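Chain and residue survey
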Amino acid sequence: MGRLHHANYGPISDGRTELLRAAGFSYKQVEDEGLFLVVAEMTCRYLRPALYDDLLTLRTKTLSARGARIEHEYQLFRGTELLATGRTTVACVDRQGNVKRLPNWLILPAAET
């Protein structure tokens, strides 16, 4: 079809790892503490199709980080053209899947990459 399949927007929209890196941390640090950030909710609104071999830019913004969850907002662009928007809520859990409060170092002020 020459278009990016809708199922592939989920992985593309996951800019959380780069957002952590931009703040001077890594997801490995989260896991080293025995914690995991699992997607609890995800929405995506498709505005325009991404085409095969497009160079895409993802903007990721932290909306809030409190308690045991972090909320992110995403915008996917081809050049200046907005292709999709989305949001995720991730929950912080331990190895057994029990909900845990975010560690203080992970409660970052609102950020964007």
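Summarised in this report is the structure supplied together with it. What you are looking at is a predicted structure, and each value in this text was computed from that prediction instead of being measured. (Residues numbered from 1 in each chain as written. Predicted model: local features only at pLDDT ≥ 70, side-chain atom pairs only at ≥ 80, totals over all residues. Heavy atoms only, no water.)

1. As for the sheet that holds strand β1 (residues 35-46)
Pairing is antiparallel across the open sheet formed by four strands, whose spatial order is β1-β4-β3-β2. At either margin of the open sheet sits one strand with a lone partner, and together these are β1 and β2 (57-66). This sheet shows a mean twist of 20 degrees between the axes of neighbouring strands, independent of strand direction. Relative to strand β3 (residues 69-78), β2 is paired through nine bridges, and the arrangement is antiparallel. Along β3, the bridge assignment pairs T60 with Y74. (Pairing = 2+ DSSP bridges. Helix = DSSP H or I, 4+ residues; strand = E, 2+ residues; numbered from the N terminus. Axes fitted to C-alpha atoms, helices over the stretch in contact; angles between N-to-C directions.)

2. Let's talk about the nonpolar core
Among the nonpolar cores identified, the biggest contains 10 residues, and these are L20, V30, L35, L37, A65, I70, V90, C92, L102 and L106. Elements with a minimum of two residues in this core: β1 and β4 (81-94). Every residue in contact with L106, bar those within four places of it in the chain, is listed here: L20, V30, L37 and I70. (Core = buried A, V, L, I, M, F, W, Y, C linked by side-chain atoms within 4.5 Å. Buried < 20%, exposed > 50% of the residue type's maximum accessible area, 1.4 Å probe, protein only. Contact = heavy atoms within 4.5 Å.)

3. Some words on the environment of Q29
Topologically, Q29 is positioned in helix α3 (residues 27-32). Q29 gets classed as partly exposed once you look at its relative accessible area, which sits at 33%. Remark: the alpha-carbon pair of Q29 and L106, spanning 77 residues in sequence, is separated by 9.9 Å. With sequence-adjacent residues up to four places away left out, Q29 is seen in contact with G24 and W105. Within polar-contact distance, the side chain of Q29 engages the backbone nitrogen of S26 at 2.8 Å. (Polar contact = N/O pair within 3.5 Å; in protein donor to acceptor, adjacent residues only side chain to side chain.)

4. With respect to the packing of aromatic side chains
Taken as a whole, this structure holds one aromatic pair when the rule is applied. Between the aromatic rings of F25 and W105, the centroid separation amounts to 4.8 Å while the plane-to-plane angle is 40 degrees, which identifies the pairing as tilted. With F25 in the loop between α2 (16-22) and α3 and W105 in the segment after β4, the pair connects residues that are 80 residues apart, well separated along the chain. Its guanidinium or amino end placed over the ring of F77, R59 lies 4.4 Å from that ring's centre, counting from NZ or CZ. (Phe/Tyr/Trp six-rings, centres within 6.5 Å; stacked < 30°, edge-to-face > 60°. Lys NZ or Arg CZ within 6 Å of the ring centre and 35° of its normal.)

5. Observations concerning the pairing of β4
In terms of burial, β4 is a largely internal element, 10 of the 14 residues being buried. Across 11 bridges, β1 lies against β4 in antiparallel orientation. Bridging across to β4, V38 finds its partner in A91. Summarising the sheet, β3 and β4 pair through 10 bridges and their orientation is antiparallel. The residue bridging R78 from the neighbouring strand is E81, located in β4.

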